[in-house]
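These are the residues of each chain, in order.
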Amino acid sequence: MSEYSYSYMPRPMAALFEEPKPPAPKALSAGSGEAVSPITKSSIPLHFNLKKSFPAITTTISLLQKVPETKDLDALRALVPVFVNCLNSILDSMDKLPKEVCTGYNYLHAKSTVAFFRAMLEGHIKEVTDANVQSDSKRTEIIDKTMQFLDGCMSATKDFFQVAAQELIQLKPLPRPPSGAELEDLEESTEEASDSPVSSCAEDKPSVPEQQTQSEKPPPERIAADEQPQKAQKPKFSLLRPLSIRRKKKNVPPEGSSGSSTLVDSDPIQLKGDYIHVSTTIRSSIVQFPDFIKEPIPNTLPHVEDATEIWKDRNGLVELATLRALVRYMTSTASRGDVEITDIFFLCFRFFSTPTEVFSAFIERYDEKPPKGLPPAEASTVSLYAKMRIAKLLFLWVELHWRPEEDGDVFNPLMQFAFTRLSKDLLKEASSKLVTALHDRACAGEKGRGMRVERTVAHAESKIRSESLVCKWEPKDKKAMVRGDFAKVNLLSFNVPGGHSLLALQLTLFLWEKYRVFEPEDAVRYLMVRKGDSTEPTTEVARQVANFMSYEKRLHRWVMDSLASAQTTEARTELIEMFLDVAQHCHDMRNYSASCLISLACDRPSVLPFLSGIKISSKHEKIKAMLSEFYTGGNNHFRAYKDALQNCHCAALPGMMLFIGEVARGCGSGPYEAHPLVPGSRLINLRRYRPITWAVRAMERCHVPFKIQRVDYVCDWFEHVLAPYREGTEMEWENRIHAKCRKM
């Protein structure tokens, strides 16, 4: 046992990144009174030798590499705690790096990944210590699994070092701007040079860290002074390459071993990025997954059970299917033309199945053998394609659609499957994505929902302008509004172009603040069980959705009541023209909620008696006709409205009336139906879930924030004028409007 015991003195990890240098005077941080070390050239990551800087862990690794050959469990039990202690010392030493590095998000995330794999290794070795293993096969399995955990630790540690290096690089100060003469020399040299030019202005954006790691060019002064400028060395770490626990010569695990082929050095495989086959309107360019299948996927005959377990329409889209047939469909080339099927499945599978059943169906498909009669090469390609599709779908589930309150039961089986199956059958680039996604969900705990909405919003925000919309017009009653004396505010004072813009902007922001608080998937679930306006909300999301719908009703009633309460024909004419102008402004800003409600209020039958004899301008007649055609034109299920939301990839605010109709249309059919050729069968009715999926996706796209500068006194005024219209049913408000009509 003494052969595997060491005494070592942990060294600060900063020594691994820096060259020896004389003590430098401390500089004062710009934002605080703390003294921090100045960032100089020597602070940037350079080549280092971990074997000389921290020999204990490298010696431990070299001894661990012999364990698969000797199958010595006693050595494994003794060496792993030493390895963990060395890893703990490295993590503690990293805290000596500058505070700006240690508090960065990327640094903390990478460090938590190392801690995650370390905890898994410690838990596994504890079980090994308590176990009494006799058979060689069990011994080999334990050693192989330990090697996988050790390799995971070292891979995470390598990534941790790289992240720390990148954070340090970002602290490097930019070179001072060159003088005029130097700038001319630099321009001449860049014309002759074949490399990309160096920025000659201090206001230019600094290069991203990845570009800096590829070529660290010296300042212009160095270029002018040296005849042959030296390129800065890449901050690669020389000893990080052989840190894998497995030896290079052990390219194939011993027979009967469950070790992962991704943990040993193998022939290089050219990878290509392949977007996951899902709806391009939601996740295009968001999620990439490695695809290493170069050969074309052979066309195979349909599965023998598909004749009775799946039914497609004339376009080849699935309408009815069992769970097993649906999983087969999604993991075969037959689903390439159905871009919505993945979203439909993951957004709705909890309505017709359970996470445990779905996971079992995925595993059953993963273990399914290719059809008989195929040549060996084609059979291997078909099997590998199905496995890759399963890996992609599991990654999508965890990364984008995870609901810990419902999916928690399959977390451990998923983790076990990723380590023991995916890591063995697929490249590390594929299995590690699922492991990383599981790690992120585990770190987030009960709040670790999938990042579907966040990724959709981030993707949309990367394509829209960032400047805020501002209206500088101010009402003449501003002072009264700021004081909260809203009784003195005259609504018609907003009937100028600036007032229309101010009302449209602030009404959009006011309503969107109510809309953004609930999750779209939860909102649609509530709409599926909601039974009219009389349903009392019992959950938090139900109250949030009901609150937004309440403000929509208030706005609609306020417009109707304002038109009915006008004292003169001239005032009523001004009001309807002003409301139509505001509705058009809202429509142009994609505030479809307010635009629809205002335009419908101006055409409400109970309001029409007040508008008889009123002549509005031809401009406003066109606005009224355009809005009416957009929202209610023909019996086409709001086709123009839906197309606008479908094709919109920027900020938009929908009305809940549209989603209530779509959910009701989807729920009009039952969750199950019989196969047309098999009476009495019970297949999942996907026709029910396509409108529901559309509603969720549209609501998710509308979570992109509006960039509008908030005017508090106008939003407070909206809150005040809409408050009286909260209570009462639609029939009661219709009667109030008719009562005012009789008094005319």
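Our subject is the structure listed above.
Residues numbered from 1 in each chain as written. Predicted model: local features only at pLDDT ≥ 70, side-chain atom pairs only at ≥ 80, totals over all residues. Heavy atoms only, no water.

Ranked by size, the top nonpolar core spans 191 residues in total, and within it Phe83, Phe345, Phe362, Trp397, Trp558, Phe579 and Trp717 carry the most contacts. Counting residues per element, this core draws most heavily on helix 5 (residues 73-94), at 13 residues. The contacts of Phe579, once residues within four sequence positions are left out, are Leu491, Trp558, Val559, Ser562, Leu563, Ile598 and Cys602. (Core = buried A, V, L, I, M, F, W, Y, C linked by side-chain atoms within 4.5 Å. Buried < 20%, exposed > 50% of the residue type's maximum accessible area, 1.4 Å probe, protein only. Helix = DSSP H or I, 4+ residues; strand = E, 2+ residues; numbered from the N terminus. Contact = heavy atoms within 4.5 Å.)

Here we come to the pairing of strand 7 (residues 672-675). In the sheet, strand 7 pairs with strand 8 (residues 678-685) via three bridges, with the strands oriented antiparallel. Opposite Glu673, over in strand 8, you have Leu683 as the bridge partner. Two successive antiparallel strands, strand 7 and strand 8, enclose a turn made up of two residues. (Pairing = 2+ DSSP bridges.)

Quick look at the side chain of His620 now. Along the chain, His620 falls in helix 29 (residues 618-632). Residues contacting His620, with those up to four places away along its chain left out, are Glu577, Leu580 and Asp581.

A full pass over the atoms with the stated rule returns 45 salt bridges. Ionic pairing is found between Glu521 and Arg350, a salt bridge with its closest N-O pair at 3.7 Å. Of this pair, Glu521 sits in helix 24 (residues 520-529) while Arg350 sits in helix 15 (residues 341-352), and the two are 171 residues apart along the sequence. When its relative accessible area of 14% is taken as the criterion, Glu521 is described as buried. (Salt bridge = Lys/Arg side-chain N within 4 Å of Asp/Glu carboxyl O.)

Glancing now at helix 26 (residues 569-588). Here helix 26 contains 20 residues, and its C-alpha end-to-end distance of 29 Å stays within 8% of the 28 Å for a straight helix at 1.5 Å per residue. Of all 20 residues in helix 26, 14 are buried; the element is thus mostly enclosed. Backbone geometry just after helix 26 places Arg590 at a positive phi near 65 degrees. (Expected span 1.5 Å × (residues − 1).)

Attention now moves to helix 16 (residues 355-367). When the terminal C-alpha atoms of helix 16 are compared, their 18 Å separation across 13 residues agrees well with the 18 Å that a helix rising 1.5 Å per residue should span. Residues Pro355, Val358, Phe359, Ala361, Phe362, Ile363, Arg365 and Tyr366 constitute the buried set of helix 16. Summarising the contacts, the buried residues of helix 16 are in contact with helix 14 (323-330), helix 15, helix 17 (376-400), helix 18 (404-407) and helix 19 (411-425).

With that settled, consider the packing of aromatic side chains. For the coordinates displayed, the defined rule picks out 36 aromatic pairs. For the pair Trp473 and Phe494, a centre-to-centre distance of 5.9 Å together with 55 degrees between the ring planes defines the contact as tilted. Linking Trp473 in the loop between helix 21 (452-461) and helix 22 (478-483) with Phe494 in the loop between helix 22 and helix 23 (497-515), this pair joins segments that are 21 residues apart in sequence. Phe494 sits in the buried class, given a relative accessible area of 0%. Considering the side-chain rings of Tyr592 and Phe630, the 5.8 Å spacing of their centres and the 20 degrees angle between planes classify their relative orientation as stacked. Of this pair, Tyr592 sits in helix 27 (residues 592-602) while Phe630 sits in helix 29, and the two are 38 residues apart along the sequence. An aromatic cluster is defined as three or more aromatic residues linked by ring pairs; in this entry it consists of Phe345, Phe346, Phe349, Phe351, Phe352, Phe362, Trp397, Trp402, Phe411 and Tyr689. (Phe/Tyr/Trp six-rings, centres within 6.5 Å; stacked < 30°, edge-to-face > 60°.)

Moving on, we get to the sheet that holds strand 5 (residues 310-312). The antiparallel open sheet is built from four strands, whose spatial order is 5-6-8-7. Every interior strand has two partners, whereas the edge strands, strand 5 and strand 7, have only one. The sheet shows a mean angle of 40 degrees between the axes of neighbouring strands, direction not considered. Bridge analysis of strand 6 (residues 318-321) against strand 8 gives two bridges, and the strand direction is antiparallel. Counterpart to Leu320 in the pairing with strand 8 is Asn685. With respect to the sheet, helix 14 is in contact with strand 5, strand 6 and strand 8, its orientation differing from that of strand 6 by roughly 140 degrees. (Axes fitted to C-alpha atoms, helices over the stretch in contact; angles between N-to-C directions.)

Moving on, we get to the packing of helix 30 (residues 639-646) against helix 32 (residues 686-701). Two elements in contact, helix 30 and helix 32, have axes separated by 9 Å at closest approach and are oriented at 55 degrees. For the element pair helix 30 / helix 32, the angle class is oblique. Contacts from Lys642, Leu645 and Gln646 of helix 30 reach helix 32 at Trp694, Arg697 and Arg701. Along the lines of polarity and charge, the residues of the contact of helix 30 with helix 32 split into two nonpolar, one polar and three charged. (Parallel < 35°, antiparallel > 145°, perpendicular 65-115°, else oblique. Nonpolar A, V, L, I, M, F, W, Y, C, P; charged D, E, K, R; others polar.)

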